[in-house]
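Spelled out from the first residue to the last, the chains are:
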Amino acid sequence: QVQLVESGGGLVQPGEPLRLSCAASGTMFNIWTMGWYRQTPGKQRELVASITSGGSTNYADSVKGRFTISRDNGKNTIYLQMDNFKPDDPAVYYCNYYRPIWNRARGDDSWGPGIQVTVSS
C-alpha cells in the first residue's frame, strides 16, 4: 500500500509559476508510474503528466511545453512545475501511483487527497 500527500498548491498570480509536490509513503516497488491528474466541477478527471520509475514522461497536449514533471526516487517524491497558466489550468490536482502486477489486469492504484490550484483574477 502506498499513501500519497500533495503539497504546494494554492492561489497563484497570473504569470507566476507554481510547483506541486507529491510525497509517497510505503513500499515503492521497482516498476511504477506516478502522475498528476486534475479535475474541475462537471468534468472528468484528466491526466496532466506522468512519469515512470525509469524516468519516461508523458504529457497531456494541453500542458506540454508549459508543465514539467520530475521525480526524486530517493525521496519517493514527484513534482509538477507549472508555468504560463491558462484559463483551463485551475483545478484540483491529484497525485497518482500505479504499479502493474504480473498476470493481473489491474495493479496497485493509489490516489492522494487532491490539492487546489487557483489563479487569481
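Here, the structure is the one placed above.
Each chain has its residues counted from 1, following the order in which its sequence is written. In keeping with the predicted nature of the model, local features appear solely for residues at pLDDT of at least 70, side-chain atom pairs appear and are counted solely at 80 or more, and the whole-chain, interface and lining totals rest on all residues. The side-chain values count all of the structure's non-hydrogen atoms but skip hydrogen atoms and water molecules.

Undergrad: Explain unusual backbone geometry to me, please; I cannot follow it from the model alone.
TA: With the exception of glycine, most residues fall at negative phi, and the peptide bonds are largely trans. Here the phi dihedral of N76 falls at roughly 50°; this positive angle occurs in a residue that is not glycine. Note that N76 resides in the loop between β7 (67–72) and β8 (77–82). Judged by its relative accessible area of 22%, N76 is partly exposed. Every helix listed is a DSSP run of H or I at least four residues long, and every strand listed is a run of E at least two residues long, numbered separately from the N terminus. Each residue is placed in one exposure class: buried if its accessible area under a 1.4 Å probe, protein chains only, is under 20% of its type's maximum, exposed if it is over 50%, and partly exposed if it falls in between.

Undergrad: Hey, could you run me through the sheet that holds strand β3 (residues 18–26) in this one?
TA: Note: strands within a sheet are paired through backbone hydrogen bonds, in either parallel or antiparallel orientation. By the convention used here, strands pair only if DSSP detects at least 2 bridges between them. Spatial strand order, β1-β3-β8-β7: four strands in an open sheet with antiparallel pairing. Of all strands in the sheet, those bounded by a partner on one side alone are β1 (2–7) and β7. On average, adjacent strands in this sheet sit at an angle of 15° to one another, irrespective of strand direction. The pairing of β3 with β8 spans six bridges and is antiparallel. Residue pairing across strands places A23 opposite T77, the latter belonging to β8. Think of each axis as a best-fit line through the C-alpha atoms, taken over the contacting stretch in the case of a helix, with angles from 0 to 180 degrees between the N-to-C directions.

Undergrad: In this structure, what is going on with the packing of aromatic side chains? I would like to understand it.
TA: The geometry of two aromatic rings is summed up by the distance between their centres and the angle between their planes. Ring pairs shown here join Phe, Tyr and Trp side chains whose ring centres sit within 6.5 Å, with only the six-membered ring taken for Trp; geometry is labelled stacked below 30 degrees between planes, edge-to-face above 60, and tilted in between. Applying the stated rule across the entire model yields two aromatic pairs. Between Y37 and W111 the ring centres are 4.9 Å apart and the planes differ by 65°, which places this aromatic pair in the edge-to-face class. One end of the pair, Y37, is in strand β4 (residues 33–39); the other, W111, is in strand β10 (residues 108–111), and 74 residues separate them in sequence. Its relative accessible area of 35% is what places W111 among the partly exposed residues. Sitting over the ring of Y79, R19 keeps its end group 4.0 Å from the ring centre. Residue placement shows R45 over the ring face of W111; its charged tip is 4.6 Å from the ring centre. As a reminder, the over-ring test applies to NZ of lysine and CZ of arginine, requiring each to be within 6 Å of the ring centre and within 35 degrees of the ring normal.

It is worth stressing that arrangement in space is one thing and function is another; only the former is reported here.
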